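Architecture and fold: a report
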Amino acid sequence: MSKRLSYLVFSYLALTDIQKAESCIIQVGNAHMELGTGNKSLTENGEEKNREDDDKKKKQLGGIKTMPFILANEVCDRFATTGFHANMITYLTQQLNLPLVKASNTLTNFGGTASFTPLIGALIADSCAGRFWTITFGSIIYELGLVSITLSAVLPHLHPPPCPTQVNCKEASSTQLWFLYISLLLTSLGTGGIRPNVVTFAADQIDMSKSGVQSRSWNFFNWYYFCMGLSTLTALTVVVYIQDNVGWGWGLGIPTIAFALSILAFLFGAPLYNKLKPGGSPLVRLAQVIVAAVKKMKSKVPEDSKLLYENRELDAFISVHGRLLHTNQFTWLDKASILTECEASDRNPPNLWRLATVHRVEELKSIIQMLPIWAAGILLVTAGSHQQSFVIQQARTMDRHLSHSFQIPPASLSIFSILIMLTGLALYERLFVSFVCRFTGNPSGITCLQRMGIGFMVNIVATVVSSLIEMK
């Protein structure tokens, strides 16, 4: 059992470091954009003064007062989703009597769907709906999925008859499986609206500029993951115990109720939120830069980057935290911002398929720079795709008794990695950062890339440990 636990701990440490590093990228990106405005705000003939009224209105919204609603929403949300997914392999194999491989593949397929739908949800939020409404409608769809699968556990005709012996059990019928698939599909679609927008929506409520982050004595993302860890820990102990010892009606009903409460908590704070307007599809903007650069392939980029095309009004909705600075990387993309004589004399709005602003070109450069980081995480996700389901099945073979009358539910073994994560967050925030920053001069202790590198190294160790365990 100790060997299995060591693998769980190593794996979760790796994921935690990488997730927190992804959050760092949001902070660094916003700080980068803030730098762009700081250098030019005093040279635009009073343009910033014209925005003072809008800035005052924005300051009245968002802020620390919105955090109770957002964190309450996230705590209930994480409690519900963890309680729903943590023990689902047990529900499929022991309640619907599916073979292990079929049950695991079912969860993996819908898990893959849930990982793809956030791409669509992010595009919808950025293009037309905005983050608030995308989260709201995504949450409602997810709740419908939870209600559906709870009904499948409660209503007798939606699941096969009980089979306590687990021998020659009747497998779920095609109708019962289709009801399950629809329920899982609804949760996957709902995830698409929630997962890519919640953290960024919370970041929209507070000052994420470089000066704002340094002036705060607390780190939003550390508090965010700490609260998520506590709710996950509660779900893995309380909900999983109810599912294994009380019944699946209550075991799935409690997460359903918790998620409904998360929606209410989120909506109660609606009047206080800073709801940023959608700035258009980022994929379309990236495509426009590429097309414009190709059309001007034979043009020569001016040596002075100030001659490249900039338009504050055009970029207003996509540069709310400031404009990106021009960089000397991937300079062939700068051709998209070359302003020809005809375009300079034309008073009509620019054709964005022929002319792009420096800010939009730098957006594409930033995406290209992040591709290696994203690619590095592919194998990490692949290695952990079956981890949750098979760990639970392996845990069933262990001696999990703490006393003669009580034993730890198989799905609750993940609490050890959660405890390590919570302890690690506290130690990192209070001890590691204050100690390391004396040597590095970085207020966060180490850089985001260094944190990600540590996470990947821990994951390599976890993979080696798991391989050695399986060999024995």
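Everything numeric here is computed off the predicted structure, so don't read it as measured data.

What counts as what
Counting from 1, residues in each chain are numbered in the order their sequence is written. Totals for whole chains, interfaces and linings use all residues, but because this is a predicted model, local features are given only for residues with pLDDT of at least 70 and pairs of side-chain atoms are given and counted only at 80 or more. The side-chain quantities take in all heavy atoms of the structure and omit both hydrogens and water. Residues enter a nonpolar core if they are buried and are Ala, Val, Leu, Ile, Met, Phe, Trp, Tyr or Cys, with the set joined through side-chain atoms within 4.5 Å. Burial here depends on accessible area, computed with a 1.4 Å probe over protein chains only, as a share of the maximum for the residue type. Under 20% is buried, over 50% is exposed, and the range in between is partly exposed. Helix and strand definitions follow DSSP, with helices as H or I runs of at least four residues and strands as E runs of at least two, each counted in order from the N terminus. Throughout, a contact is declared for two residues whenever any of their heavy atoms are within 4.5 Å. UniProt positions are given in the numbering used here, feature names are shortened, and annotations may be inferred rather than shown by experiment. Criterion for a disulfide: a pair of cysteine sulfur atoms at a distance within 2.5 Å.

1. Here's the deal with the nonpolar core
Phe84, Tyr91, Leu92 and Leu252 are the most contacted members of the largest nonpolar core, which totals 55 residues. The element best represented in this core is helix α10 (residues 220–245), accounting for nine residues. Dropping the residues within four chain positions of it, Tyr91 is found in contact with Leu96, Ile149, Ser152, Ala153, Trp248 and Leu252. Membership of the second largest hydrophobic core comes to nine residues, among which are Leu286, Leu333, Ala336 and Leu364.

2. Points about the UniProt feature "transmembrane region" (unreviewed entry) in the chain
Here the UniProt feature "transmembrane region" (unreviewed entry) sits at residues 132–158, 178–202, 223–242, 248–268, 406–428 and 449–469. Split by type, residues 132–158 is 85% helix and 0% strand. Its first and last C-alpha atoms lie 35 Å apart. The span residues 406–428 carries 61% helix and 0% strand; its end-to-end C-alpha distance comes to 34 Å.

3. A short note on the state of the cysteines
What the rule picks out here adds up to one disulfide. Between the sulfur atoms of Cys163 and its disulfide partner Cys169 the distance amounts to 1.9 Å. Residues Cys163 and Cys169 share a disulfide whose torsion about the S-S bond is about -70 degrees; that sign makes it left-handed. For Cys163, a relative accessible area of 13% puts it in the buried group. Note on Cys169: relative accessible area 23%, which makes it partly exposed.

4. Some points on the environment of Ala292
Note on placement: Ala292 falls in helix α12 (residues 282–295). Sequence separation of Ala292 and Ala336 is 44 residues, and the distance between their C-alpha atoms is 4.7 Å. Apart from the residues lying within four places of it in its own chain, the contact partners of Ala292 are Ala336, Trp353, Arg354 and Leu355.

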